[in-house]
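Results of the structural survey
So the chains spell out like this:
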Amino acid sequence: MSVIIIGCGIVGASTAYFLARAGVQVEILDAIEPAAQATGSADGAVSVASKRPGPVMNAALAGIALYRELAVQGLFEGAFKSRSTFVLASSPVEREVLEAHAAVLRSVGVRVEMLTSTDLRARFAPLSDAVIMGLEVFDEGHAIGYQIVHRLLSAAPVNVRRNCRVESFLRDGNGRVTGVVTNHGPMLADAVVVASGNGSADLLGIPDVLIARKGQLLVTERAPALNAAMPGAIMSGRYLISKGMQAGTALASDRGYGTVVDPLATGQFLIGGTREDSGEKATNDAEAVAEVLRRAVEMVPGLAGVRLLRAFAGIRTAVIDSKPLIGRVPDADNVYVATGFEGDGICLGPVTGKAISQLVLDRSVDLDLAPFSPARFAQLGVAA
């Protein structure tokens, strides 16, 4: 059996890994190169703390479990860092969101602990007095997207074609998809997996279903003492609000500021970020960078003495109903799609790749894909 995978981000690479390990001949086609888009500019959270209640949260639990399994097996050893996430409230509105979110997390078996301001000072000394309460979410993790992609591609016999742009599907006389047409010519395969983020829109005829959502992130210099004093990543309650985590809480701002400060293994800090549906998609701007830094220092005053090394922007692919597209494409029994993960791609990438591989191989699927079925959008199909 042969399979073409369109897109070499974490989802495409994960799908390729599991298929190749099952003996399938796999070819990945990427318009640029591995991890060149959202995967390479992600914050790396392998987290349920930031997930919306329901199917995405359930998928995140399965995703975290798979990361731990693959780390034990050696594939992700050293590339997956286990840690807690601390979600912080600095206002009564954020506190209400945290309390509701804690109840949801407990209901699905996640270990959490509510922390008073006094508890926080004892547990997390660098925090500002402006933080009035916190929620510690245990057993979370962090992984750098491009490192995970490298591990996956190195561990299985997969051929990657860089600078290979897919223009359309190939069909036989009966209309069945037999491969793809690329800028280098036609390529044949028994099945095709579309995992190309926003590039999936034209191929599948769904330009109004996918949203290109920008995020801006910052990286600091090394600050070993401050880094070591932080027992996990922190996330503002505003971050949950920016995702509309609870009904009626979505922010009106088109910037969608939601602060995340992640102490990296290098001694640096990754600081985010924004959720933007407008503006220049490929660049940072001084206004956003300044506001992100201001909010980070507001929570961790010690960051004021740490220099900013770089700022970068990335484009996430979101779906209009806030759930990714994962499954078989309607009216095409050998075409599959996995896209629209927005900021959840690093967490959900490997578990999604495993699920798609099981679909392609006609095996029982570990993950419940019904809520993510592409068939929920009537216009989705294989464009002629």
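Residues numbered from 1 in each chain as written. Predicted model: local features only at pLDDT ≥ 70, side-chain atom pairs only at ≥ 80, totals over all residues. Heavy atoms only, no water.

Considering helix 5 (residues 145–154)
Basically, it comes down to this: In this scheme, a residue with accessible area under 20% of its type's maximum is buried, one over 50% is exposed, and one in between is partly exposed, where area comes from a 1.4 Å probe on protein chains only. Every helix listed is a DSSP run of H or I at least four residues long, and every strand listed is a run of E at least two residues long, numbered separately from the N terminus. As used here, the arc is the angular range of directions from the helix axis to the C-beta atoms. Pairs of residues are marked as contacts when any of their non-hydrogen atoms sit within 4.5 Å.
Turning to helix 5, its buried residues are Gly145, Ile148, Val149, Leu152 and Leu153. Along the axis of helix 5, the buried positions cluster into a sector of 130 degrees, meaning they face one direction only. Among the exposed residues of helix 5, those pointing more than 90 degrees away from its buried face are His150 and Ser154. In this structure, the buried residues of helix 5 make contact with helix 1 (10–21), strand 2 (25–29), helix 2 (55–73), strand 6 (133–143), strand 7 (158–161) and helix 10 (345–360).

A short note on the sheet that holds strand 8 (residues 166–171)
Counted only if it meets this: Two strands pair under a simple rule: DSSP has to find at least two bridges between them. Angles shown run from 0 to 180 degrees and are taken between the N-to-C directions of axes, each axis being a line fitted to C-alpha atoms and, for helices, limited to the stretch in contact.
Spatial ordering of the open sheet is given by 8-9-10, a layout of three strands whose pairing is antiparallel. Two strands close off the open sheet at either side, each with one partner strand: strand 8 and strand 10 (185–188). For this sheet the average axis-to-axis angle between neighbouring strands, irrespective of direction, equals 30 degrees. Sheet analysis places strand 8 next to strand 9 (residues 177–182), joined by five bridges and oriented antiparallel.

Side note on the confidence of the model for the chain
In plain terms, the rule: pLDDT measures the predictor's confidence residue by residue and takes values from 0 up to 100.
On average, the chain scores 92 in pLDDT, and the residues at 70 or more come to 95%. In this model, residues 246–253 is a region of pLDDT below 50 whose contacts with residues beyond four sequence positions or in other chains number twelve contacts.

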